[in-house]
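Breakdown of the fold
Chain by chain, the residues run as shown.
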Amino acid sequence: MAADTRQSGELKYGLADLLTCAAAREVQDNEIVFAGTGLPMVAIMLAQKTHAPNLKLIFEAGTLDGRPTELPTSVGDARCEVGASRSSGLHDAFSIAQRGYVDLGFLGGAEVDEYGNVNTTAIGDYLEPQLRLTGSGGNPDINSFAARTVFIMVHEKRRFTRQVSYITSPGWRVKKWPEGTPVARRELYGAAYRGGPSAVISTAGVFRFDDESGRMYLDTCHPGYTPEQIADMCQFDLDITRVGGETPLPTAEELHLIHRVLDPDAIFIPHPQ
Amino acid sequence: MAADTRQSGELKYGLADLLTCAAAREVQDNEIVFAGTGLPMVAIMLAQKTHAPNLKLIFEAGTLDGRPTELPTSVGDARCEVGASRSSGLHDAFSIAQRGYVDLGFLGGAEVDEYGNVNTTAIGDYLEPQLRLTGSGGNPDINSFAARTVFIMVHEKRRFTRQVSYITSPGWRVKKWPEGTPVARRELYGAAYRGGPSAVISTAGVFRFDDESGRMYLDTCHPGYTPEQIADMCQFDLDITRVGGETPLPTAEELHLIHRVLDPDAIFIPHPQ
Amino acid sequence: MSKRITLQQAAALVPDGCCLTFSGFTIWRRPMALVFELIRARRRHLHLVEVQGGPQSEFLIGAGCVDIWESCWIGHELYGKYGANLSRKVAEKKIIVEDYSHAEMLLRLEAAAAGIPFAPSQSSLGTDIHNPEYDMLGRAGLRNGDNPHIPRHKYRFMDDPFYDAGQIVLVPAAKIDVAVMCVQQVGEEGTVRISGQRYSDQEVARAADVTIVLAEEVVPEEYLRRDAERNAIPTFEVDHIVECKWGGYPTGMFGRYDVDGDFLRDFYQRTRTQEGFDDWAQEWVYPLDHAGLLEKVGVKRLLALKANTALQYSTSIKRGG
Amino acid sequence: MSKRITLQQAAALVPDGCCLTFSGFTIWRRPMALVFELIRARRRHLHLVEVQGGPQSEFLIGAGCVDIWESCWIGHELYGKYGANLSRKVAEKKIIVEDYSHAEMLLRLEAAAAGIPFAPSQSSLGTDIHNPEYDMLGRAGLRNGDNPHIPRHKYRFMDDPFYDAGQIVLVPAAKIDVAVMCVQQVGEEGTVRISGQRYSDQEVARAADVTIVLAEEVVPEEYLRRDAERNAIPTFEVDHIVECKWGGYPTGMFGRYDVDGDFLRDFYQRTRTQEGFDDWAQEWVYPLDHAGLLEKVGVKRLLALKANTALQYSTSIKRGG
């Protein structure tokens, strides 16, 4: 993510800072959090250093309740193991997720629809793809079993789409295979149901999902965006009736932690100029 | 097993020695052997110290390729771990068995039928048992997947029975559930088929199974028994046409190893008086 | 938010009717201090689901604490070749026994630990373990879905659809309320380090809804976190901690103490009858607490059981016949 | 009966058409020295079945070695956000990609390691990963049972019969010919000790019919057997051993060396086109052997990657943007 510097009173911050702080605020203390690579990892470590000192961090590659002192470049990084309760492998991480221990997972996506279905596999017809992406990774696995998942995404109209090219990660209305019948997530997952997408943090705003309908609504706008502008940036009809104002800005303490303590080398979060 | 002393030239030996040596001779070098508690453990360690120095010993409780220096009292004993390639748990032991790594397993039984079906669960009608025994333990699991299994048993006519009260461990003709249709083991196990009971070592003789029919035949008689006497000690028609003479006696080296090196405290093998 | 509780508090977390399981293997690392406490508290209607049984099961069954026992094996290894108390209660129809194979019991716990309702296997095909007539919970009418610990079927059978590998048996997950573990070390946040074979302890801890750890010692978390690869169970799988020295006695613990074979042999020999059990319990359980039991055993006997720290087992006990 | 072989002998054990998998996780502990050797040997028609992909897959795919790739993810983490070579070959229909989820791929290896034909799961229900229209091996007519590595179905669905837990998806085991591991230590008899996260290495080694271990060092068995609890893979699961220093380069290895991000970024940037890949391979693969590659990288760069032995990672590299 390129640095784009904004001003908040005396403070300079970048868009990545805003997203990181918004993501950190999704974490509650004592929660078990499944962390992916990149900005989410910084967000979680930020939460750990501020309001959620007792959160427990799980890295998919096999580190349980770790306390890294240097930011890992990936979840398989040697830096993940520092201070961990247990180091093992993927079996542990996924068993723990399916067993229902995980409160919160942070994930990414290339496309999202109004029910929170996310695509990270291929753009265009899957059988004739315009662009093959990285694939699912653990995105659907974590999203299947965590009580809440938060997606962090670049906001473009083509990405907030009426229908994702491919459902990589399950939202609130999904398909029951082998027939492909549309069905509510809650119903399909049966005893394994524990929740689902609870927020999308895009480069334009923060979005949540209606408990009943499972449809996305706008919660807060990032500085510089109106609800109407954001609605215009979605292919589907975005509910903007519940908007709760502006996304809270990074504080001085948060910016200090991000740029001086957690990611001083700007591995994932560029320094504001 | 009580000590009963016999004489072979200059050597004094007990029945347990004879069985231990017979069992040890079932092991070939470089094999992976699944060891239960008791006499089989002594037999395997005897083989390791004589003709099979490269055998690999697996203890069900989770020790892989161990080289204990003191005889373990059970497979969960702290003594199992000495010199092991890996110490872990039951998951490893049973996965390795089901994956098809195991060449040979030593097992016990209270009753056996002519097809090598073995009972260790209950004597009499299962629903109104005369005597509830220990239960299966890993007997059927090891026997399901090892290429060869050897059963060591006390020989009594009521134990060499036409039909075991309960099939705890599968022989060469078993039942296909849920209907209970009689079926050849090979057919039922499909891709998991790797072999089955290859010998029974009783207190009277050594028995093997016909490749085609899966029926038991007498291979060798222990000293003091004629084939006819042994046939009389079975409820089913024992094939004694293939008998190959007398069970080889323990050698001086074997007796030395059993009583001076492997089990000097006579934990499992009583000293001949 | 300390996880520390007392042995008595731990026993209170195992109510009448609880579905319970344990750490350890046959006569090793069983949470005996809590088992004695449950007998003292005259707990009833317990449902034991164990990868395999041992003295802990025999003690509880003899004391009449157990209504249902699902497992594959019971005994005291060298010190008692079968479970005489279970055998008596089975003959008297005072307990329901559901037999699975050893690997199947492990799979039941593994499935529960992995959060799936069943596991596939090809073990024990063709045996009477799979005989539908011998589905004892089914015969008792308990597979109607009313008891959340009892699945609707003992087994299901199918043919492998993927590789034509033959018959597959599906084994139901074990739905455990409480697992009680007995281990060498736990950190104050719950990290467990087990030395020696881990048996099925990792699966057991993850499978249960509540996990109670009896540890020989509570050690600083930071000490355990310096070497995360050696740790067996992570903090968040452990709900309660009891520091309890010799908590596994009379079973053994790798690196700490050996099995007290004399104690087990005495139990085995004296408890063939209910009167024998009651007499034994009057001597060794009811009038004592954990400290009292250890006093009665005495320092000399405990010292003989202590493991040699280089070898991890005792060199002072006589194990031979 | 030494298990030691050379890198070239190891490459010869992976013939054209081989079904292959690897140790490691994304950009960590991949057996790159052997991957380079397979490219040099112009191996063709490989069938990769990987818990997740990484540089090893991208290198082989770019070089045209791979016909089928079954996995869930490909990329270079921070150093290249997707698999550009795979993406190109997919668009050109020069490769068949079969998508599973990450947990499902792990389960496929776990099932194989446990000797069962499939594993149940409730992960990824409702997604297009389960869409039967997107069964690419099925569409290619390869699910007829002729290829022993390809199951008859991508998935099967059923309802949980035991606890009414809902829909269950059955995932087929992965039938792997050869696993190539890259680890820190192996004993001369085959015992493997892995430091740091073990990823899915234990499952991978047990799943494959033949397991080849590339180790930074071969150490005395006796040294490893003194502490059996630290060892990850037992002797009998390892068929061949290659002592190969920096065998994981340019991926990283816990406690030994970091990922060479510059190398991966350079690869990622240069290989969007086939011409770009061929040019890169002409520079970094074809004219070199393993020793030559390390020479070309140079001592300075290698020293910067060396891990600090207290921290287990390098403190000398620049990781930031």
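Owing to the predicted nature of the structure, the values given are computational and were not obtained by experimental measurement.

Along the backbone of chain A there are seven helices and 17 strands. Each of the three principal axes of chain A carries a C-alpha extent, and together these read 50 × 45 × 35 Å. Here chain A holds 273 residues, and 66% of them are scored as buried. For chain A, long-range pairs separated by at least 24 residues make up 62% of all intrachain contacts whose partners lie at least 6 apart in sequence. With an accessible surface of roughly 9,200 Å², chain A has 47% of that area assigned to carbon and sulfur atoms. Of the side chains in chain A, 25 bear a positive and 35 a negative charge, and the two mean positions are spaced by 3 Å.

Another aspect to go through is unusual backbone geometry. Most peptide bonds are trans, and most residues other than glycine sit at a negative phi. Note that the residue after Trp177 of chain A, namely Pro178 of chain A, is joined by a cis bond; omega there is 15°. Locating Pro178 of chain A in the fold gives a position in the loop between strand E13 (173–176) and strand E14 (181–184). Following Tyr249 of chain D, the chain continues to Pro250 of chain D via a peptide bond in cis, the omega torsion being 10°. With respect to the helices and strands, the residue Pro250 of chain D is situated in the loop between strand E11 (240–243) and helix H9 (261–270). The phi dihedral of Ser124 of chain D is positive, around 65°, even though this residue is not glycine. Locating Ser124 of chain D in the fold gives a position in the loop between strand E5 (118–121) and helix H6 (136–139). Even without being a glycine, Gln312 of chain D presents a positive backbone phi close to 80°. Along the chain, Gln312 of chain D falls in the segment after helix H12 (299–305). According to the relative accessible area criterion, Gln312 of chain D is partly exposed, its value standing at 26%.

Quick look at the pattern of salt bridges now. A full pass over the atoms with the stated rule returns 84 salt bridges over all chains. Measuring nitrogen to oxygen at the nearest pair gives 3.0 Å for the salt bridge that ties Arg4 of chain C to Glu243 of chain C. Of the two residues, Arg4 of chain C is situated in the segment before helix H1 (7–12) and Glu243 of chain C in strand E11 (residues 240–243); the sequence distance between them amounts to 239 residues. One salt bridge in this structure joins Asp260 of chain C and Arg301 of chain C, with 2.8 Å as the shortest N-O distance. Here Arg301 of chain C lies in helix H12 (residues 299–305) and Asp260 of chain C lies in the loop between E11 and helix H9 (261–270), a separation of 41 residues in the sequence. One salt-bridge network, in which partners are shared between bridges, spans Asp65 and Arg67 of chain A together with Glu189, Glu221 and Arg225 of chain C.

Turning to helix H11 (residues 290–297) of chain C, a few remarks are in order. Residues and elements named next belong to chain C. Of all the positions in H11, only His290, Gly292, Leu293, Leu294 and Val297 are classed as buried. Check the buried side of H11 and you find it contacts H1, helix H2 (32–40), H9, helix H10 (274–284) and H12. At the C-terminal side of H11, Gly298 shows a positive phi close to 95°.

A few words now on the interface of chain D and chain B. When the parts of a complex come together, some accessible area is lost, and that lost area is often taken as the interface size. Taken together, the contact pairs 25 residues of chain D with 19 residues of chain B. For the chain D and chain B pair, buried surface summed over both sides reaches about 1,800 Å², with 45% attributable to carbon and sulfur atoms. When the buried area of chain D at its contact with chain B is split by residue, Arg206, Arg225 and Phe236 of chain D rank highest and sum to 41% of it. The tally of links from chain D across to chain B stands at four salt bridges. At the junction of chain D with chain B, the criterion picks out 17 residue pairs in polar contact (both at pLDDT 80 or more). If you list the elements that add at least two residues to the side of chain D that touches chain B, you get helix H5 (102–113) and helix H7 (201–207) of chain D. For the side of chain D that touches chain B, the element with the most residues is H7 of chain D, which contributes four residues. Grouping the constituent residues of the side of chain D that touches chain B by class yields 13 nonpolar, five polar and seven charged.

Residues and elements named next belong to chain A. Among the 11 residues of helix H2 (residues 39–49), 10 are classified as buried, and the element is accordingly described as predominantly covered. Those residues of H2 that fall on the buried side of the exposure criterion are Leu39, Pro40, Met41, Val42, Ala43, Ile44, Met45, Leu46, Ala47 and Gln48. Contacts made by the buried residues of H2 are with helix H1 (15–24), strand E3 (32–35), strand E4 (56–59), strand E7 (104–108), strand E12 (148–153) and helix H7 (252–262).

Turning to the packing of aromatic side chains, a few remarks are in order. Residue and element names in this part refer to chain C. As enumerated under the stated definition, the model contains 44 aromatic pairs over all chains in all. Ring centres of Phe36 and Phe59 lie 5.6 Å apart, and the angle between their planes is 55°; on these two criteria the pair is classed as tilted. Within this pair, whereas Phe36 is found in helix H2, its partner Phe59 is found in helix H3 (residues 55–62), the two being separated by 23 residues in sequence. By the burial criterion, Phe36 is buried, and Phe59 matches it.

This next bit is on the sheet that holds E5 of chain D. All names here are of chain D. Judged by pairing direction, the sheet is antiparallel, and its three strands sit side by side in the order E5-E7-E6 without closing on themselves. Of all strands in the sheet, those bounded by a partner on one side alone are E5 and strand E6 (156–159). Across the sheet, the mean angle from the axis of one strand to that of its neighbour is 30°, orientation sign disregarded. Here four bridges tie E5 to strand E7 (residues 167–172), and the two strands are oriented antiparallel to one another. When the sheet's bridge partners are listed, Phe118 is paired in E7 with Pro172. Docked against the sheet, H5 engages E5 and E7, running at close to 140° with respect to E5.

Looking now at the interface of chain A and chain D. Each side of the interface is counted separately: chain A has 64 residues, and chain D has 63 residues. When the two sides are added together, the surface that chain A and chain D hide from each other amounts to roughly 4,900 Å², 55% of it contributed by carbon and sulfur. Taken together, chain A and chain D are joined by six salt bridges. Among the ionic pairs, Glu128 of chain A bridges to Lys93 of chain D, the shortest N-O distance being 2.6 Å. Connecting chain A to chain D are 39 residue pairs in polar contact (both at pLDDT 80 or more). Every element with two or more residues in the side of chain A that touches chain D is listed here: helix H3 (90–99), strand E11 (131–132), helix H4 (139–145), E13 and helix H5 (185–189) of chain A. A per-class count over the side of chain A that touches chain D returns 30 nonpolar, 23 polar and 11 charged.

All names here are of chain B. In spatial order, the strands read E6-E5-E4-E3-E7-E12-E15-E16-E17; together these nine strands make up an open sheet with mixed pairing. Each of the sheet's edge strands pairs with one partner strand only, and the pair in question is strand E6 (86–87) and strand E17 (216–221). Examined bridge by bridge, strand E12 (residues 148–153) and strand E15 (residues 196–202) share six bridges and lie parallel to one another. When the bridges of E15 are listed, Val150 appears paired with Ala199. The strands touched by helix H1 (residues 15–24) are strand E7 (104–108), E12, E15 and strand E16 (205–209); relative to E15, the strand with the most contacts, the crossing angle is about 155°.

We now examine the environment of Glu31 of chain B. Residues and elements named next belong to chain B. Note that Glu31 resides in the loop between H1 and strand E3 (32–35). Expressed as a C-alpha distance, the spacing of Glu31 and Cys221, which sit 190 residues apart in the sequence, is 26 Å. If we skip the residues at most four places from it in the chain, Glu31 touches Glu26, Leu55, Lys56, Asp103, Leu104 and Arg148. For Glu31, the side chain forms a polar contact with the main-chain nitrogen of Gln28, separated by 3.0 Å. A distance of 2.7 Å separates polar atoms of two side chains, one belonging to Glu31 and the other to Arg148.

The rules behind the values
Within each chain, residue numbers correspond to sequence positions counted from 1 in written order. As a convention, the first chain written is A and the first ligand written is 1, with the rest following in written order. Two thresholds apply to this predicted model, a pLDDT of at least 70 for residue-level local features and 80 or more for giving and counting side-chain atom pairs, whereas whole-chain, interface and lining totals are computed over all residues. Hydrogens and waters are ignored; side-chain quantities use all the structure's heavy atoms. Helix and strand assignments come from DSSP, with helices taken as H or I runs of at least 4 residues and strands as E runs of at least 2, each series counted from the N terminus. Categorising residues by exposure relies on relative accessible area from a 1.4 Å probe, with only protein chains included: less than 20% of the type maximum marks a residue as buried, more than 50% marks it as exposed, and the intermediate range marks it as partly exposed. Any two residues whose heavy atoms approach within 4.5 Å at even a single point are treated as in contact. The accessible surface values rely on the Shrake-Rupley method and a 1.4 Å probe; as for residues, cover is taken only from the protein chains in view. In this tally, Lys and Arg are treated as positive and Asp and Glu as negative; His is ignored, and so are the chain termini. In plain terms, the charge of a residue is placed at NZ if it is Lys, CZ if Arg, CG if Asp and CD if Glu. Definition used for salt bridges: Asp or Glu carboxyl oxygen within 4 Å of a side-chain nitrogen of Lys or Arg. What counts as buried area is the accessible surface, traced by a 1.4 Å probe, that two parts surrender upon association, with contributions from both included. Nitrogen and oxygen atoms within 3.5 Å of one another constitute a polar contact, given that in protein one can donate a hydrogen and the other can accept it, and given that sequence-neighbouring residues count only through two side-chain atoms. Residues are sorted three ways: Asp, Glu, Lys and Arg are charged, Ala, Val, Leu, Ile, Met, Phe, Trp, Tyr, Cys and Pro are nonpolar, and all the rest, Gly among them, are polar. Any two of the Phe, Tyr and Trp rings considered here, Trp counted by its six-membered ring, make a pair once their centres fall within 6.5 Å; the pair's planes then place it as stacked at under 30 degrees, edge-to-face at over 60, or tilted in between. Here, strands pair whenever DSSP counts at least two bridges between them. Only the stretch in contact is used when fitting a helix axis, every axis being a line fitted to C-alpha atoms; angles between N-to-C directions are given from 0 to 180 degrees.

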